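# Secondary and tertiary structure notes
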Amino acid sequence: MNIHSEKRHDEPDRMRRQADARGVPADIMMPRVLLVVASFLLVLVGLVMVFSASTVETISQGDSIFSYVGKQALFAVAGAIGAFIIAKFIPYHVWKGGLGFRLTWGVCALLLLAVPFVGTEILGAKRWILIGGFSLQPTEFAKIAIVLAAAKVLYDFRNEFTDTKQAIVSSVVLVVLPVAFLYKTQSDMGSAAIILVGILTAMWLGEFPMKRLIPLVVVVGVVGVIGLAGYRSDRISVWLNPWDDGEGGYGTGYQMIRSFYAFAEGGIFGVGLGNSREKFLYLPEAETDFIFSIIGEELGLIGALFVIALFMVVLFAGLRIAHHAPDNFGCMMAGSLTVMLVAQAFLNMACATGLLPTTGKPLPFISSGGSSILASLFMVGLIMSVSVGSNTLTPHERRRNDLNVIRVDDQRPRVRGANEDDKRNSRGGGLRSRAQRVRAAVPTRPSRGGRSANSARVSPSSRSERRSRDAVRAREERGRERTPRNGTKGREGVSERSRR
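Now for a description of the structure that goes with this document. Just so you know, these numbers come straight off a predicted model, no measurement behind them. (Residues numbered from 1 in each chain as written. Predicted model: local features only at pLDDT ≥ 70, side-chain atom pairs only at ≥ 80, totals over all residues. Heavy atoms only, no water.)

## A closer look at unusual backbone geometry
Rules: Per the convention used, a helix needs a DSSP run of H or I reaching at least four residues, while a strand needs a run of E reaching at least two, with both numbered from the N terminus. Only protein chains enter the accessibility calculation, which uses a 1.4 Å probe; a residue is then buried when its area is under 20% of its type maximum, exposed when over 50%, and partly exposed in between.
For Glu 285, which is not glycine, the phi torsion reads 55 degrees and is therefore positive. Turning to its location among the elements, Glu 285 is positioned in the loop between α10 (254-266) and α11 (291-298). Positive phi outside glycine occurs at Phe 365, with the angle close to 75 degrees. By secondary structure assignment, the location of Phe 365 is in the loop between α13 (328-352) and α14 (370-389). When its relative accessible area of 1% is taken as the criterion, Phe 365 is described as buried.

Encoded structure:
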């Protein structure tokens, strides 16, 4: 019996099976590497620029010049360890619901509730909680929990785990109320806008109906315009003309003007690393909210474009990871977190360059601040967890990839002197051959090395059959000119005599 097996897999399935056995395919590994490298470079740029921008201020305060950068490095190491643990050991399916999601969302909600009562006011805003000598900003972590909650609600509703009424109640409790509370108690319109960007991205990737999404965007825009009343309207007027702030440019427009001076002095190539003039207490918050201005001054347009390019790489890598996500929840999770992270970066840079009014949001990975860099690296870990889950084959994919197409030819020539086991099989009605065909048609369980678990075990009968076929071929070659007993010559006579 001649058995010819042909494996027919399309290219993506072949690549994923090879990845499951030996490694990770390029279409999954490439975005993962880009995300890690870009994040590492941004953290490295942040450490260098925090040290450069904070030296004069630390000296004026009588502290060590390494005090700011030392804390920043400590939080960067802690965030990197946390991101590794999240990506490697916590599957992203945990955030669909269950104890992990409820505990994370509950802790973030409690921290938001505690800010109005036990929070510390810094620069006129009460958004921090002092814990063990460090100031924690719960908003940076709450925005992650809120966006994950939005992805969970959309996933449950799309897969019919909840009906319309349950989805509305869940969205109000898990998403709308925390954002409204954040905006009302902390007057943090910048964080609310960033969270809304993440939520809208999750809705877009979750294929929320456009006829409902567009009116929702319009309503959010109207509410945002209404929220600009009061002191925010004065901030907009100052943004349009910072020299007309009522104090000749030394009032609320002073910070924006000094930022303009920093970019003007930097030019194309910058004044050199560490040679900034605006960091000599001219530009307020040079190491936090306006660190991009110091980058533009010391490293020039080239350095500023390099930072922008790194954030574009993060955006590209995160969206590619979302594209290759195994399910819609992973797509919404990776895509919304990526867009929210990059949106905050461009919001900060737009404020520093005067394209948008000042919001006071830090530049991810770069600005000095433990909460900011921890939250940024945690988001990278969550996005990476989706990438790690993208390389896992489901049981259905494994079963499909192991299917074989079998072609059986029962008209194999038979000659005298064949193996005794083969003769017994022929006299027995071909039971052994039929059983072997049944076993060959059943998908085998893949082993760790990517090969079939049954392919390594060869029965004695299989070995004897192979030897028999080899003997048949050898006898046929030697007996081409011999005349068998039936009077015919060559292989045709043997075949006609033994054909069943």
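## Regarding the pairing of strand β3 (residues 125-131)
Each regular strand shows side chains that alternate between the opposite faces of the sheet. To keep it simple, the criterion reads: The rule for pairing is simple: two strands pair if DSSP sees at least two bridges between them.
Pairing of strand β2 (residues 120-122) with β3, which is carried by 3 bridges, proceeds in the antiparallel orientation. If you follow Glu 121 over to β3, its bridge partner there is Lys 126. Connecting β2 to the next strand, β3, in antiparallel fashion are 2 residues, including Leu 123 with a positive phi near 55 degrees. A loop of 2 residues connects β3 with strand β4 (residues 134-136), the two strands running antiparallel in sequence, and Gly 132 in this loop sits at a positive phi of about 60 degrees.

## A short note on the sheet that holds β3
As a reminder of what qualifies: Lines fitted to C-alpha atoms define the axes, with helix axes restricted to the stretch in contact, and inter-axis angles between N-to-C directions lie between 0 and 180 degrees. Throughout, a residue-residue contact means that at least one pair of heavy atoms, one from each residue, lies within 4.5 Å.
Across the sheet, which stays open at both edges, the 3 strands sit in the order β2-β3-β4 with antiparallel pairing between neighbours. Edge positions in the sheet fall to β2 and β4, since each has one partner strand and no second. The mean inter-strand angle of the sheet, taken between neighbouring strand axes irrespective of direction, is 55 degrees. Across the sheet, helix α4 (residues 98-118) is in contact with β2, β3 and β4; its angle to β3 comes to roughly 100 degrees.

## Side note on α4
The following threshold applies: To estimate how far a helix should extend, the number of its residues minus one is multiplied by 1.5 Å. In this description, one arc is meant: the one made by directions from the helix axis to the C-beta atoms.
The first and last C-alpha atoms of α4 sit 30 Å apart over 21 residues, in line with the 30 Å expected at 1.5 Å per residue. The set of residues buried in α4 consists of Phe 101, Trp 105, Cys 108, Ala 109, Leu 112 and Val 115. Down the axis of α4, the buried side of the element spans an arc of 105 degrees, and every buried residue falls inside it. Turned more than 90 degrees away from the buried face of α4, the exposed residues are Leu 99, Arg 102, Leu 103, Leu 110, Phe 117 and Val 118. Where α4 is buried, its residues meet β3, α5 (138-158) and α6 (164-186).

## Remarks on the side chain of Ser 387
Structurally, the position occupied by Ser 387 is in helix α14. The contacts of Ser 387, once residues within four sequence positions are left out, are Ile 28, Arg 32 and Ile 321.

## Some words on the nonpolar core
We apply this condition: Among buried residues, the Ala, Val, Leu, Ile, Met, Phe, Trp, Tyr and Cys ones that are joined through side-chain atoms within 4.5 Å form a nonpolar core.
Grouped together as the largest cluster of nonpolar side chains are 88 residues, with contacts concentrated most on Phe 311, Met 333, Leu 337, Phe 365 and Ile 366. Element by element, the count of residues in this core is highest for α13, at 14 residues. Those residues in contact with Leu 337 that lie beyond four places of it in its chain are Ile 144, Val 147, Leu 148, Met 379, Leu 382 and Ile 383.

## As for a nonpolar patch on the surface
Spelled out, the test is: Nonpolar side chains (Val, Leu, Ile, Met, Phe, Trp, Tyr) are joined into patches within 5 Å and like charges within 9 Å, using only residues with over 30% relative accessible area and no salt bridge. Using a 1.4 Å probe, accessible areas were evaluated by the Shrake-Rupley method; residue-level cover was limited to the displayed protein chains. Any Lys or Arg side-chain nitrogen located within 4 Å of an Asp or Glu carboxyl oxygen qualifies as a salt bridge.
Taken together, the side chains of Ile 168, Val 169, Val 172, Val 173, Val 176 and Leu 177 make up a nonpolar region of the molecular surface, amounting to roughly 490 Å² of accessible area. Structurally, Val 173 can be placed in helix α6. A relative accessible area of 42% places Val 173 in the partly exposed class.

## Details of the packing of α5 against α6
In plain terms, the rule: The cut-offs work like this: below 35 degrees is roughly parallel, past 145 is roughly antiparallel, 65 to 115 is roughly perpendicular, and the gaps in between are oblique. Whether a crossing is left-handed or right-handed is set by the direction in which the near helix is turned from the far one by less than a right angle, anticlockwise for left-handed and clockwise for right-handed. Under the scheme applied here, ten amino acids are nonpolar (Ala, Val, Leu, Ile, Met, Phe, Trp, Tyr, Cys and Pro), four are charged (Asp, Glu, Lys and Arg), and all others, including Gly, are polar.
Relative to each other, α5 and α6 sit at 165 degrees, their axes nearing to 9 Å. With respect to α6, the element α5 is oriented roughly antiparallel. Seen from above, α5 lies across α6 with left-handed handedness. Contacts from Thr 139, Ile 146, Ala 149, Ala 150, Val 153 and Phe 157 in α5 reach Thr 164, Ala 167, Ser 170, Ser 171, Leu 174, Val 175, Pro 178, Val 179, Leu 182 and Gln 186 in α6. Each residue belonging to the contact of α5 with α6 can be placed in one class, and the counts come to 11 nonpolar, 5 polar and no charged.

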